[in-house]
Amino acid sequence: MDESILVVNCGSSSLKLALFDHDHQKIASALAERLNQPDAYAKISGDSVPVPLPANADHNQALASLVEAFRVRQWMTCDPIAIGHRVVHGGETFRQAVLIDPSTITAIDNCAALAPLHNPVNLAGIRAMQSLFPDIPHVAVFDTAFHQTLPARAYRYALPDHCYQDWGIRRYGFHGTSHQYMAQQAAQRLGKTPATTSIISAHLGNGCSITAIRDGLSVDTSMGLTPLEGLVMGTRSGDVDPGLFDYLAARGISSGDAHRMLNNDSGLLGLSGQTNDMRSLCELADHGHEPSQLAIDVFCFRLARYTGAMTASLSHLDALVFTGGIGENSPRIRQETVKHLGLLGIRLDPELNRSHGQVSNGRIDTPDSRYPVLVIPTNEELVIAREAARLAAAAGNTAI
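Everything quoted here is computed from the prediction, not taken from an experiment. (Residues numbered from 1 in each chain as written. Predicted model: local features only at pLDDT ≥ 70, side-chain atom pairs only at ≥ 80, totals over all residues. Heavy atoms only, no water.)

The sheet built from five strands is open, its strands ordered 10-9-8-11-12 with mixed pairing. Each end of this open sheet is capped by a strand with a single partner; those strands are strand 10 (217-221) and strand 12 (373-375). For this sheet, the mean inter-axis angle between neighbouring strands, taken without regard to orientation, is 25°. Sheet analysis places strand 11 (residues 319-323) next to strand 12, joined by three bridges and oriented parallel. Across the sheet, residue V321 finds its bridge partner in strand 12, namely L374. (Pairing = 2+ DSSP bridges. Helix = DSSP H or I, 4+ residues; strand = E, 2+ residues; numbered from the N terminus. Axes fitted to C-alpha atoms, helices over the stretch in contact; angles between N-to-C directions.)

Structure representation (C-alpha coordinates):
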(Lines give C-alpha, C1' and ligand atoms only; values in the text may rest on other atoms or scores of the structure.)
Protein backbone atom coordinates (compact mmCIF):
# COMPACT_ATOMS: atom_id res chain seq x y z
CA MET A 1 0.00 0.00 0.00
CA ASP A 2 1.56 3.32 -1.12
CA GLU A 3 1.86 6.40 1.06
CA SER A 4 1.11 4.66 4.33
CA ILE A 5 1.64 5.99 7.86
CA LEU A 6 2.77 3.88 10.80
CA VAL A 7 1.69 4.63 14.38
CA VAL A 8 3.78 3.23 17.25
CA ASN A 9 2.65 3.02 20.89
CA CYS A 10 5.16 1.38 23.20
CA GLY A 11 4.33 0.34 26.76
CA SER A 12 6.64 -1.10 29.39
CA SER A 13 6.08 -4.72 28.32
CA SER A 14 3.91 -4.33 25.24
CA LEU A 15 3.53 -2.32 22.06
CA LYS A 16 0.90 -1.54 19.47
CA LEU A 17 1.56 -0.89 15.80
CA ALA A 18 -1.05 0.49 13.39
CA LEU A 19 -0.90 1.18 9.66
CA PHE A 20 -2.98 3.92 7.99
CA ASP A 21 -3.39 4.75 4.32
CA HIS A 22 -3.16 8.13 2.55
CA ASP A 23 -6.74 8.97 3.58
CA HIS A 24 -6.05 8.07 7.22
CA GLN A 25 -8.09 4.88 7.06
CA LYS A 26 -6.67 2.07 9.17
CA ILE A 27 -5.28 -0.78 7.11
CA ALA A 28 -4.01 -3.04 9.88
CA SER A 29 -3.06 -3.13 13.55
CA ALA A 30 -0.94 -5.43 15.67
CA LEU A 31 -0.08 -6.05 19.29
CA ALA A 32 3.00 -7.50 21.00
CA GLU A 33 2.86 -8.40 24.69
CA ARG A 34 4.98 -9.87 27.48
CA LEU A 35 8.11 -8.37 25.94
CA ASN A 36 11.42 -9.23 27.60
CA GLN A 37 9.82 -12.41 28.96
CA PRO A 38 10.20 -16.01 27.78
CA ASP A 39 6.59 -16.16 26.52
CA ALA A 40 6.65 -12.94 24.47
CA TYR A 41 4.15 -13.06 21.63
CA ALA A 42 2.68 -10.89 18.86
CA LYS A 43 -0.52 -11.00 16.86
CA ILE A 44 -2.22 -9.06 14.09
CA SER A 45 -5.82 -8.01 14.63
CA GLY A 46 -8.22 -10.30 12.82
CA ASP A 47 -5.51 -12.85 12.03
CA SER A 48 -5.46 -16.12 13.95
CA VAL A 49 -1.85 -16.85 12.95
CA PRO A 50 0.56 -15.44 15.55
CA VAL A 51 3.62 -13.48 14.49
CA PRO A 52 6.68 -15.44 15.65
CA LEU A 53 8.87 -13.72 18.22
CA PRO A 54 12.05 -15.03 19.84
CA ALA A 55 11.97 -15.75 23.56
CA ASN A 56 12.60 -12.61 25.62
CA ALA A 57 11.98 -10.46 22.55
CA ASP A 58 12.51 -6.75 23.21
CA HIS A 59 10.82 -3.76 21.57
CA ASN A 60 13.35 -3.73 18.70
CA GLN A 61 12.73 -7.35 17.81
CA ALA A 62 8.96 -7.08 18.16
CA LEU A 63 8.74 -4.00 15.94
CA ALA A 64 10.99 -5.55 13.31
CA SER A 65 8.84 -8.71 13.29
CA LEU A 66 5.57 -6.80 12.99
CA VAL A 67 6.87 -4.54 10.22
CA GLU A 68 8.01 -7.63 8.32
CA ALA A 69 4.58 -9.22 8.86
CA PHE A 70 2.90 -6.12 7.37
CA ARG A 71 5.21 -6.37 4.38
CA VAL A 72 4.68 -10.10 3.85
CA ARG A 73 0.92 -9.52 3.80
CA GLN A 74 1.42 -6.83 1.13
CA TRP A 75 -0.10 -4.12 3.34
CA MET A 76 3.07 -2.06 3.17
CA THR A 77 4.79 -2.46 -0.18
CA CYS A 78 7.15 0.47 0.35
CA ASP A 79 8.43 2.54 3.23
CA PRO A 80 5.80 4.65 5.01
CA ILE A 81 5.80 8.40 4.39
CA ALA A 82 5.86 9.11 8.15
CA ILE A 83 5.88 7.35 11.51
CA GLY A 84 4.01 8.76 14.48
CA HIS A 85 5.12 7.84 17.99
CA ARG A 86 3.03 8.19 21.11
CA VAL A 87 5.11 9.76 23.88
CA VAL A 88 3.52 9.93 27.31
CA HIS A 89 5.26 12.91 28.89
CA GLY A 90 6.50 16.06 27.20
CA GLY A 91 6.75 18.20 30.33
CA GLU A 92 6.54 21.90 29.59
CA THR A 93 8.87 21.54 26.61
CA PHE A 94 6.30 20.28 24.10
CA ARG A 95 3.01 22.08 23.48
CA GLN A 96 2.30 20.18 20.26
CA ALA A 97 3.52 17.30 18.13
CA VAL A 98 7.03 17.72 16.72
CA LEU A 99 9.37 16.18 14.18
CA ILE A 100 11.92 14.05 15.98
CA ASP A 101 15.54 15.12 15.81
CA PRO A 102 18.45 14.63 18.26
CA SER A 103 17.32 17.59 20.38
CA THR A 104 13.80 16.12 20.60
CA ILE A 105 15.19 12.81 21.85
CA THR A 106 17.28 14.61 24.47
CA ALA A 107 14.24 16.57 25.66
CA ILE A 108 12.08 13.44 25.88
CA ASP A 109 14.83 11.75 27.85
CA ASN A 110 15.00 14.74 30.19
CA CYS A 111 11.29 14.22 30.95
CA ALA A 112 11.89 10.58 31.93
CA ALA A 113 11.91 11.39 35.64
CA LEU A 114 8.30 12.55 35.27
CA ALA A 115 7.26 9.29 33.57
CA PRO A 116 9.90 6.65 34.39
CA LEU A 117 7.70 3.76 33.29
CA HIS A 118 6.77 5.32 29.96
CA ASN A 119 9.26 7.74 28.39
CA PRO A 120 12.21 5.30 28.32
CA VAL A 121 10.19 2.69 26.42
CA ASN A 122 8.71 5.38 24.17
CA LEU A 123 12.31 6.28 23.30
CA ALA A 124 13.13 2.61 22.75
CA GLY A 125 10.35 2.48 20.16
CA ILE A 126 11.59 5.65 18.47
CA ARG A 127 15.15 4.36 18.24
CA ALA A 128 14.01 0.97 16.99
CA MET A 129 11.91 2.47 14.20
CA GLN A 130 14.62 4.97 13.29
CA SER A 131 16.99 2.07 12.74
CA LEU A 132 14.41 0.40 10.48
CA PHE A 133 13.42 3.60 8.68
CA PRO A 134 16.31 6.08 8.96
CA ASP A 135 15.34 8.24 5.98
CA ILE A 136 11.70 9.13 6.68
CA PRO A 137 10.23 11.65 9.14
CA HIS A 138 9.40 10.48 12.65
CA VAL A 139 6.93 12.49 14.71
CA ALA A 140 6.40 12.55 18.48
CA VAL A 141 2.81 13.10 19.69
CA PHE A 142 2.58 13.79 23.41
CA ASP A 143 -0.15 12.77 25.85
CA THR A 144 0.55 15.97 27.79
CA ALA A 145 0.68 18.49 24.92
CA PHE A 146 -3.07 19.18 24.69
CA HIS A 147 -3.09 20.21 28.35
CA GLN A 148 -0.38 22.85 27.97
CA THR A 149 -3.18 25.43 27.65
CA LEU A 150 -4.14 24.96 31.31
CA PRO A 151 -4.04 28.25 33.22
CA ALA A 152 -1.67 28.48 36.18
CA ARG A 153 -4.57 28.36 38.64
CA ALA A 154 -5.37 24.88 37.30
CA TYR A 155 -1.89 23.43 36.89
CA ARG A 156 -0.05 24.78 39.95
CA TYR A 157 0.01 22.85 43.21
CA ALA A 158 -0.04 24.79 46.49
CA LEU A 159 3.60 23.94 47.20
CA PRO A 160 6.66 26.15 47.74
CA ASP A 161 7.40 27.98 44.51
CA HIS A 162 10.79 26.34 44.05
CA CYS A 163 9.10 22.94 43.65
CA TYR A 164 7.71 24.21 40.38
CA GLN A 165 10.55 26.48 39.33
CA ASP A 166 13.36 24.00 40.07
CA TRP A 167 11.71 20.61 39.66
CA GLY A 168 8.73 21.19 37.38
CA ILE A 169 6.19 19.86 39.89
CA ARG A 170 2.78 20.77 38.49
CA ARG A 171 -0.30 19.20 36.94
CA TYR A 172 0.47 18.06 33.40
CA GLY A 173 -2.53 15.92 32.47
CA PHE A 174 -2.65 12.89 30.18
CA HIS A 175 -4.89 11.21 27.56
CA GLY A 176 -4.44 14.45 25.64
CA THR A 177 -4.87 12.90 22.18
CA SER A 178 -8.17 11.34 23.26
CA HIS A 179 -9.51 14.56 24.79
CA GLN A 180 -8.37 16.52 21.73
CA TYR A 181 -10.27 14.09 19.50
CA MET A 182 -13.37 14.46 21.71
CA ALA A 183 -13.26 18.24 21.31
CA GLN A 184 -13.21 17.88 17.53
CA GLN A 185 -15.83 15.14 17.33
CA ALA A 186 -18.25 16.74 19.79
CA ALA A 187 -18.13 20.02 17.91
CA GLN A 188 -18.85 18.23 14.65
CA ARG A 189 -21.83 16.34 16.09
CA LEU A 190 -23.22 19.50 17.66
CA GLY A 191 -22.91 21.44 14.41
CA LYS A 192 -20.27 23.79 15.80
CA THR A 193 -16.54 24.40 15.47
CA PRO A 194 -14.05 23.30 18.15
CA ALA A 195 -13.14 26.94 18.78
CA THR A 196 -16.74 27.65 19.87
CA THR A 197 -17.41 24.39 21.72
CA SER A 198 -17.00 23.76 25.46
CA ILE A 199 -17.34 20.22 26.81
CA ILE A 200 -16.48 17.99 29.72
CA SER A 201 -14.70 14.94 28.32
CA ALA A 202 -14.53 11.74 30.41
CA HIS A 203 -12.02 9.18 29.13
CA LEU A 204 -12.79 5.99 31.04
CA GLY A 205 -10.77 2.82 30.59
CA ASN A 206 -8.18 1.05 32.70
CA GLY A 207 -6.76 4.56 32.98
CA CYS A 208 -9.31 7.33 33.54
CA SER A 209 -9.25 11.09 33.29
CA ILE A 210 -11.72 13.92 32.88
CA THR A 211 -11.02 17.26 31.20
CA ALA A 212 -12.77 20.60 30.93
CA ILE A 213 -12.37 21.87 27.36
CA ARG A 214 -13.35 25.50 26.81
CA ASP A 215 -13.62 26.69 23.20
CA GLY A 216 -11.50 23.76 22.08
CA LEU A 217 -8.73 24.23 24.66
CA SER A 218 -7.97 22.17 27.77
CA VAL A 219 -8.49 24.36 30.86
CA ASP A 220 -8.63 21.75 33.64
CA THR A 221 -7.98 18.04 33.98
CA SER A 222 -7.92 15.37 36.67
CA MET A 223 -4.55 13.68 36.11
CA GLY A 224 -1.58 15.56 37.51
CA LEU A 225 2.19 15.28 37.74
CA THR A 226 1.72 11.58 36.95
CA PRO A 227 -1.24 9.52 35.67
CA LEU A 228 -1.97 8.43 39.27
CA GLU A 229 -3.91 11.51 40.33
CA GLY A 230 -7.65 12.00 39.89
CA LEU A 231 -10.36 9.45 39.17
CA VAL A 232 -10.56 5.87 40.41
CA MET A 233 -9.04 3.64 37.71
CA GLY A 234 -8.57 -0.03 36.99
CA THR A 235 -5.61 -0.58 39.32
CA ARG A 236 -4.72 3.03 40.25
CA SER A 237 -6.15 4.64 43.36
CA GLY A 238 -6.65 8.13 42.00
CA ASP A 239 -6.74 10.85 44.68
CA VAL A 240 -5.56 9.91 48.15
CA ASP A 241 -4.51 11.99 51.16
CA PRO A 242 -0.76 12.73 50.79
CA GLY A 243 -0.48 11.95 54.50
CA LEU A 244 -1.05 8.33 53.54
CA PHE A 245 2.63 7.99 52.65
CA ASP A 246 3.78 8.93 56.16
CA TYR A 247 1.13 6.66 57.62
CA LEU A 248 2.34 3.71 55.54
CA ALA A 249 6.01 4.49 56.20
CA ALA A 250 5.36 4.36 59.95
CA ARG A 251 4.08 0.82 59.41
CA GLY A 252 7.19 -0.29 57.54
CA ILE A 253 5.83 0.10 54.01
CA SER A 254 8.63 1.33 51.74
CA SER A 255 8.07 4.04 49.14
CA GLY A 256 8.50 1.44 46.41
CA ASP A 257 5.87 -0.83 47.94
CA ALA A 258 3.52 2.12 48.40
CA HIS A 259 4.04 3.10 44.78
CA ARG A 260 3.23 -0.41 43.59
CA MET A 261 0.14 -0.60 45.82
CA LEU A 262 -1.29 2.71 44.58
CA ASN A 263 -0.54 2.01 40.92
CA ASN A 264 -1.00 -1.74 40.58
CA ASP A 265 -3.14 -3.04 43.45
CA SER A 266 -5.69 -0.29 44.05
CA GLY A 267 -8.61 1.25 42.14
CA LEU A 268 -11.34 -1.13 41.03
CA LEU A 269 -9.10 -4.13 41.72
CA GLY A 270 -8.28 -3.02 45.24
CA LEU A 271 -11.85 -2.14 46.21
CA SER A 272 -13.39 -5.29 44.78
CA GLY A 273 -10.59 -7.68 45.68
CA GLN A 274 -11.44 -9.49 42.45
CA THR A 275 -10.80 -7.70 39.17
CA ASN A 276 -10.15 -4.40 37.43
CA ASP A 277 -12.46 -5.31 34.52
CA MET A 278 -15.69 -3.31 34.71
CA ARG A 279 -17.73 -5.94 32.86
CA SER A 280 -16.73 -8.59 35.36
CA LEU A 281 -17.40 -6.24 38.26
CA CYS A 282 -20.94 -5.60 37.03
CA GLU A 283 -21.57 -9.35 36.75
CA LEU A 284 -20.20 -9.95 40.24
CA ALA A 285 -22.28 -7.10 41.66
CA ASP A 286 -25.42 -8.50 40.03
CA HIS A 287 -24.74 -11.78 41.82
CA GLY A 288 -24.56 -10.06 45.19
CA HIS A 289 -20.83 -9.47 45.57
CA GLU A 290 -20.87 -6.36 47.75
CA PRO A 291 -17.20 -5.32 47.32
CA SER A 292 -17.72 -5.24 43.55
CA GLN A 293 -20.79 -3.05 43.96
CA LEU A 294 -18.78 -0.78 46.25
CA ALA A 295 -16.07 -0.47 43.60
CA ILE A 296 -18.71 0.61 41.06
CA ASP A 297 -20.28 3.06 43.51
CA VAL A 298 -16.95 4.70 44.39
CA PHE A 299 -15.95 4.87 40.71
CA CYS A 300 -19.19 6.57 39.65
CA PHE A 301 -19.36 8.95 42.61
CA ARG A 302 -15.77 10.11 42.12
CA LEU A 303 -16.46 10.62 38.42
CA ALA A 304 -19.61 12.64 39.15
CA ARG A 305 -17.80 14.73 41.75
CA TYR A 306 -15.05 15.57 39.28
CA THR A 307 -17.64 16.33 36.60
CA GLY A 308 -19.17 18.94 38.87
CA ALA A 309 -15.72 20.35 39.65
CA MET A 310 -14.93 20.76 35.94
CA THR A 311 -17.84 23.18 35.50
CA ALA A 312 -15.88 25.75 37.53
CA SER A 313 -13.57 26.17 34.53
CA LEU A 314 -16.31 26.66 31.94
CA SER A 315 -18.46 29.67 31.06
CA HIS A 316 -20.96 27.41 29.32
CA LEU A 317 -21.37 23.69 28.68
CA ASP A 318 -22.24 22.26 25.28
CA ALA A 319 -22.04 18.57 26.23
CA LEU A 320 -20.83 15.93 28.66
CA VAL A 321 -18.90 13.36 26.61
CA PHE A 322 -18.11 9.74 27.53
CA THR A 323 -15.31 7.85 25.78
CA GLY A 324 -12.77 5.06 26.37
CA GLY A 325 -13.53 1.37 26.85
CA ILE A 326 -15.81 1.90 29.86
CA GLY A 327 -17.19 5.25 28.77
CA GLU A 328 -18.18 3.91 25.35
CA ASN A 329 -19.52 0.51 26.39
CA SER A 330 -21.06 0.68 29.87
CA PRO A 331 -24.61 2.09 30.05
CA ARG A 332 -24.63 1.23 33.75
CA ILE A 333 -21.63 3.40 34.57
CA ARG A 334 -22.99 6.32 32.55
CA GLN A 335 -26.39 6.05 34.25
CA GLU A 336 -25.01 5.65 37.77
CA THR A 337 -22.73 8.64 37.26
CA VAL A 338 -25.45 10.90 35.89
CA LYS A 339 -27.70 10.00 38.85
CA HIS A 340 -25.36 12.09 41.00
CA LEU A 341 -25.65 15.07 38.65
CA GLY A 342 -29.31 15.91 39.18
CA LEU A 343 -28.44 19.41 40.31
CA LEU A 344 -26.99 20.05 36.83
CA GLY A 345 -30.25 18.90 35.22
CA ILE A 346 -28.56 16.16 33.17
CA ARG A 347 -30.86 13.26 32.27
CA LEU A 348 -30.31 10.16 30.16
CA ASP A 349 -32.73 8.40 27.85
CA PRO A 350 -32.63 4.72 28.96
CA GLU A 351 -33.03 3.32 25.44
CA LEU A 352 -30.49 5.62 23.83
CA ASN A 353 -28.08 4.94 26.69
CA ARG A 354 -28.44 1.18 26.23
CA SER A 355 -27.68 1.54 22.50
CA HIS A 356 -24.65 3.77 23.25
CA GLY A 357 -26.22 6.50 21.12
CA GLN A 358 -25.58 4.53 17.95
CA VAL A 359 -28.95 5.51 16.44
CA SER A 360 -28.81 9.16 17.54
CA ASN A 361 -25.39 10.45 16.42
CA GLY A 362 -24.02 9.70 19.87
CA ARG A 363 -26.72 11.55 21.85
CA ILE A 364 -28.07 9.66 24.89
CA ASP A 365 -29.83 12.49 26.77
CA THR A 366 -33.55 13.18 27.07
CA PRO A 367 -35.22 16.17 25.37
CA ASP A 368 -35.57 17.91 28.75
CA SER A 369 -31.93 17.38 29.78
CA ARG A 370 -30.31 20.73 30.46
CA TYR A 371 -27.14 19.63 28.66
CA PRO A 372 -26.50 17.13 25.86
CA VAL A 373 -24.70 13.88 26.72
CA LEU A 374 -22.67 12.16 24.01
CA VAL A 375 -20.96 8.79 23.63
CA ILE A 376 -18.07 9.06 21.18
CA PRO A 377 -15.59 6.25 20.45
CA THR A 378 -12.04 7.53 20.86
CA ASN A 379 -9.40 7.13 18.18
CA GLU A 380 -6.02 8.16 19.53
CA GLU A 381 -4.16 6.31 16.79
CA LEU A 382 -5.95 8.38 14.15
CA VAL A 383 -4.92 11.61 15.88
CA ILE A 384 -1.29 10.45 15.88
CA ALA A 385 -1.47 9.41 12.20
CA ARG A 386 -2.92 12.79 11.20
CA GLU A 387 -0.27 14.68 13.16
CA ALA A 388 2.51 12.58 11.63
CA ALA A 389 1.19 13.21 8.10
CA ARG A 390 0.71 16.93 8.78
CA LEU A 391 4.23 17.49 10.07
CA ALA A 392 5.77 15.36 7.32
CA ALA A 393 3.94 17.48 4.73
CA ALA A 394 4.98 20.72 6.42
CA ALA A 395 8.58 19.55 6.30
CA GLY A 396 8.25 18.93 2.57
CA ASN A 397 8.61 15.16 2.79
CA THR A 398 5.30 14.32 1.10
CA ALA A 399 2.56 15.88 -0.97
CA ILE A 400 -0.22 15.05 1.55
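Okay, unusual backbone geometry next. With a phi close to 55°, R34 is a non-glycine residue in the positive phi region. Inspection of the secondary structure assignment puts R34 in the loop between strand 3 (26-33) and strand 4 (41-44). For R34, a relative accessible area of 36% corresponds to the partly exposed category. Not every positive phi belongs to a glycine, and N361 is a case in point at roughly 55°. Inspection of the secondary structure puts N361 in the loop between helix 14 (350-354) and strand 12. (Buried < 20%, exposed > 50% of the residue type's maximum accessible area, 1.4 Å probe, protein only.)

This paragraph deals with the environment of L204. Along the polypeptide, L204 turns up in strand 8 (residues 199-204). With 106 residues separating them along the chain, L204 and M310 place their C-alpha atoms 16 Å apart. What L204 contacts, discounting residues up to four positions off in sequence, is L231, F299, L303, F322, T323, G324, G325, I326 and G327. (Contact = heavy atoms within 4.5 Å.)

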